[in-house]
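Report on the structure
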Amino acid sequence: MGAVHDLTDESAIQGATQAAVRAAVEAAAVSLDGELVELRRAIHREPELGFEELRTTAKVARRLKQAGLRITPMHPTGLVVDLGAAHPRRRIAVRADIDALPLTETTGLPYASTTPGACHACGHDVHTTCLVGLALALAPHHERLRSQRLAVRLLFQPAEEVMPGGAHRMVAAGHLRDVDQVFALHCDPTLDVGQVGIRTGAVTAATDILTVRLTGRGGHTSRPHLTEDLTFALATVVTELPSVLSRRVDPRAGLALVWGAVNAGEAANVIPASGSASGTLRMLDAQVWDTIGPLCEEVVGQLVSPYGVGVQIEHTQGVPPVVNDPEAVSHLVAGATAMLGAQAVAPTPQSLGGEDFSWMLRDVPGALVRLGTRTPGGPTYDLHRPDLVVDERAIGVGVRLLAGTVLSALQGADVPS
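Residues numbered from 1 in each chain as written. Predicted model: local features only at pLDDT ≥ 70, side-chain atom pairs only at ≥ 80, totals over all residues. Heavy atoms only, no water.

Right, let's get into the packing of aromatic side chains. Applying the stated rule across the entire model yields two aromatic pairs. The positively charged end of Arg169 is found above the aromatic ring belonging to Phe51, 3.9 Å away from the centroid. (Phe/Tyr/Trp six-rings, centres within 6.5 Å; stacked < 30°, edge-to-face > 60°. Lys NZ or Arg CZ within 6 Å of the ring centre and 35° of its normal.)

Assignment of secondary structure puts His44 in helix H2 (residues 18–45). Reaching out from His44, the side chain makes a polar contact with the side chain of Glu105 at a distance of 3.0 Å. Residues within four places of His44 in sequence aside, it is in contact with Glu105, Tyr111, Ala112, Ser113, His120 and Asp125. (Helix = DSSP H or I, 4+ residues; strand = E, 2+ residues; numbered from the N terminus. Polar contact = N/O pair within 3.5 Å; in protein donor to acceptor, adjacent residues only side chain to side chain. Contact = heavy atoms within 4.5 Å.)

This part takes up the environment of Phe51. Turning to its location among the elements, Phe51 is positioned in the loop between H2 and helix H3 (54–66). You can call Phe51 partly exposed: its relative accessible area is 22%. In this structure the C-alpha to C-alpha distance between Phe51 and Glu161, which are 110 residues apart in sequence, comes to 10.0 Å. Other than its neighbours up to four places away in sequence, Phe51 contacts Pro76, Thr77, Pro158, Ala159, Val162, Pro164, Gly165, Gly166 and Arg169. (Buried < 20%, exposed > 50% of the residue type's maximum accessible area, 1.4 Å probe, protein only.)

Overall, antiparallel pairing links the four strands, which are arranged E10-E12-E8-E13 in an open sheet. Two strands in the sheet have a free side with no partner beyond their single neighbour: strand E10 (256–264) and strand E13 (310–319). Within the sheet, the average angular offset between the axes of one strand and its neighbour, ignoring direction, is 15°. In the sheet, strand E8 (residues 206–215) pairs with E13 via eight bridges, with the strands oriented antiparallel. Within the sheet, the bridge partner assigned to Thr207 lies in E13 and is Val319. Here helix H7 (residues 230–248) sits on the sheet and contacts E8, E10 and strand E12 (274–283); the angle it forms with E10, its principal contact strand, is near 175°. (Pairing = 2+ DSSP bridges. Axes fitted to C-alpha atoms, helices over the stretch in contact; angles between N-to-C directions.)

Our focus in this paragraph is H3. Here H3 is 13 residues long and its end C-alpha atoms lie 18 Å apart, about the 18 Å a rise of 1.5 Å per residue gives. Of the positions making up H3, those classed as buried are Thr56, Thr57, Lys59, Val60, Ala61, Arg63 and Leu64. Where H3 ends, the next residue or the one after it, Gly68, has phi of about 85°, a positive value. (Expected span 1.5 Å × (residues − 1).)

The subject of this paragraph is unusual backbone geometry. Note that the residue after His75, namely Pro76, is joined by a cis bond; omega there is 0°. Summarising the element assignment, Pro76 is placed in the loop between strand E1 (71–73) and strand E2 (79–84). Cis geometry is found at the peptide bond from Met163 to Pro164, where omega equals -5°. If you check the backbone angles, Phe51 has positive phi at about 65° while not being a glycine.

Looking now at the pattern of salt bridges. Enumeration according to the criterion identifies 22 salt bridges in this entry. Of the charged contacts in the structure, one is a salt bridge between Glu46 and Arg55, with a shortest N-O distance of 3.5 Å. With a closest N to O distance of 2.5 Å, Glu143 and Arg146 form a salt bridge. Of this pair, Glu143 and Arg146 both sit in helix H5 (residues 142–147), three residues apart, roughly one helical turn. Among the charged side chains, a salt-bridge network with shared partners connects Arg40, Arg41, Asp125 and Glu392. (Salt bridge = Lys/Arg side-chain N within 4 Å of Asp/Glu carboxyl O.)

By themselves, these observations are geometric and do not establish any function.
And the structure:
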């Protein structure tokens, strides 16, 4: 690996020109580029599901220990790295998720997943590699940060794809307690590599799981009046609940209930004694998210009451919306502009996808940025698909972006110039 350039020298942290900062980060990113691509491929080749990321954690820990960094392991997976002062006047955190999805990869890439039923179809391998790159770039400058009473904390978070996810554990363990701002990036295959999507305010949606289970006396379809016609009642819930909610909730909340699994019966002439429907409940408004569970129970009870069936509702709150703090967004814009150029910054729409980084933002102000991974002129892929391919040049872009953002956020400590 080539020499790592000083990203935190006096001139960079104490108000140097954007051109000087950009040059330092560019040189560091170039020197790390080949190694980071290989690391990403190694992680991609051996994906692991939530709270099972033993090999991934070991790969990251081994490389960061080689760089002389102090590792704080989490149980059973994940780790935290601290650089700079133990009791700083300002600490900036950056988070990356390390888990994969339960899908079988279909890309045919030479470094495709070798784990049946698991692959990095959401780009977490890229997120992890970008954070490793930031750590390696900052590693030689731990003492300089410490002398200025500044600190950077790197959060390698497990289990973003499960509910409740690994963000809960990081918050509960106190890793956000003494942090001033926290940042994260997420791959976006609809943006060209070199572009970053930035938005102030809500950038993702609240995401819950709703399951409705009905029970009743089964019977022959020729005598529905002698049964509780459970299949008909379940069909009423499936078709009517989304419609009723759309009239009981402010439409500006952007609520969407979409069923993914509906199960009842096995034979055409038998009314079953049980059935269920499960789906995701998504919304853009945090206040609606806090109250939607009781409303669902009320409406379902009213819908099935005429049929006399028993009803059980399971509403699992998943994640609140990710809401980007305006000051944190200003550091993202400043970092992206300095390192990538103003043309790299693109507006990004709010997504109905969920992201458990939102739990961290309930404790600490921060922001999520979208990292373009599409090859210009190439096909547009989608996240959570087994054929997802990312342009690996996005790794270097991500390292530059994170470094620029950290430098800008550290300057928020009123560092004397």
